[in-house]
Amino acid sequence: MMRLFLRALLSLSLAVVLTAPSAAQPNYDYSKLKRENLGRGLVAMRTSKKACAVSWRYLSSDPVNIGFNVYRDGRLLNSEPLMTTTYFVDRKAGSAAHVYEIRPVVNGRESEAEASYALAADSPIGYLNIPLDIPEGGVSPDGVEYTYNANDASIGDVDGDGEFEIILK
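These notes cover the structure that comes with them.

Procedures and definitions
Residues numbered from 1 in each chain as written. Predicted model: local features only at pLDDT ≥ 70, side-chain atom pairs only at ≥ 80, totals over all residues. Heavy atoms only, no water. Helix = DSSP H or I, 4+ residues; strand = E, 2+ residues; numbered from the N terminus. Buried < 20%, exposed > 50% of the residue type's maximum accessible area, 1.4 Å probe, protein only. Pairing = 2+ DSSP bridges. Axes fitted to C-alpha atoms, helices over the stretch in contact; angles between N-to-C directions. Core = buried A, V, L, I, M, F, W, Y, C linked by side-chain atoms within 4.5 Å. Contact = heavy atoms within 4.5 Å.

**Things to note about the environment of Ile134**
- One can find Ile134 in the loop between β8 (115-119) and β9 (138-139).
- Its relative accessible area of 52% is what places Ile134 among the exposed residues.

Below, the structure written as C-alpha cells:
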C-alpha cells in the first residue's frame, strides 16, 4: 500500500515538473510598460528611541545594477551601496531631528540626492502621524445624524507631481 502511494506521489510530482515550464508565463516586455512619473517616495520612521527605519521606492526605470547610499544629516551611513534592498535601519539615529537623503549609485558613481525626508525630533515610534482636518457632524437631508470617521484610504499621484497623495474616505 505504501509503495503504491509513493509511486502515485512520484508520478504526480514528475507530471507537475514536466508541465510547469510549458505553462509558465513568458518574459514580460517592460519597454511597453506605461510608467508613472514617480519620485523615490522616501520615508523615515522611528522604530525605537534609538533606531529609525528608512525606506524608498525602486523605480521601474532604474538600471539593474543600481545601488543606493543613505545619508543622515549629510553623513553617509552605509559602507557599501545597497544593491538588493530599498530599506535601511539607522540604529544610531537617537531621538534628535534628522534629514535623510537617498543617492543612487550606478557603476560606482554616486548621483545627486533624489529624495530627502525630514524626521522631527518628536516623531512617534512605530507610525507616521497624518493630521486630519475633521469636519463637524451634522444631519443629512433625510434627518439622520452623522459624524466623520476616517476609514478607507487609497493612494495615487492625483496632481502629477511624482509623489503619491493619500485619499482618505
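**Some thoughts on unusual backbone geometry**
- Within the chain, Asp73 stands out as a residue other than glycine whose phi angle is a positive 50°.
- Inspection of the secondary structure puts Asp73 in the loop between β3 (66-72) and β4 (75-76).

**Some remarks on the sheet that holds strand β5 (residues 87-90)**
- Read from one edge of the open sheet, three strands run β1-β2-β5, paired in antiparallel fashion. Bordering the open sheet on either side are β1 (43-46) and β5, each of which pairs with just one other strand. Each adjacent strand pair in this sheet contributes to an overall mean axis angle of 20°, direction not counted.
- Taken together, the four bridges between strand β2 (residues 52-55) and β5 define a ladder with antiparallel strand orientation.

**Let's talk about the pairing of β2**
- For β1 and β2, the ladder comprises four bridges, and the chain directions are antiparallel. Residue pairing in the sheet places Val43 in a bridge with Ser55 of β2.
- Adjacent in sequence and paired antiparallel, β1 and β2 are bridged by five residues.

**Observations regarding the nonpolar core**
- In terms of nonpolar packing, the biggest core is built from 15 residues, with Leu42, Cys52, Val54, Trp56, Val70, Tyr100 and Ile102 touching the most fellow members.
- Of all the secondary-structure elements, those providing two or more residues to this core are β2, β3, β6 (98-106) and β8.
- Counting residues per element, this core draws most heavily on β3, which supplies three residues.
- Discounting residues that sit within four places of it in the chain, Val70 has contacts with Val54, Trp56, Arg75, Leu76, Leu77, Asn78, Leu82, Phe88, Tyr100, Glu101 and Ile102.

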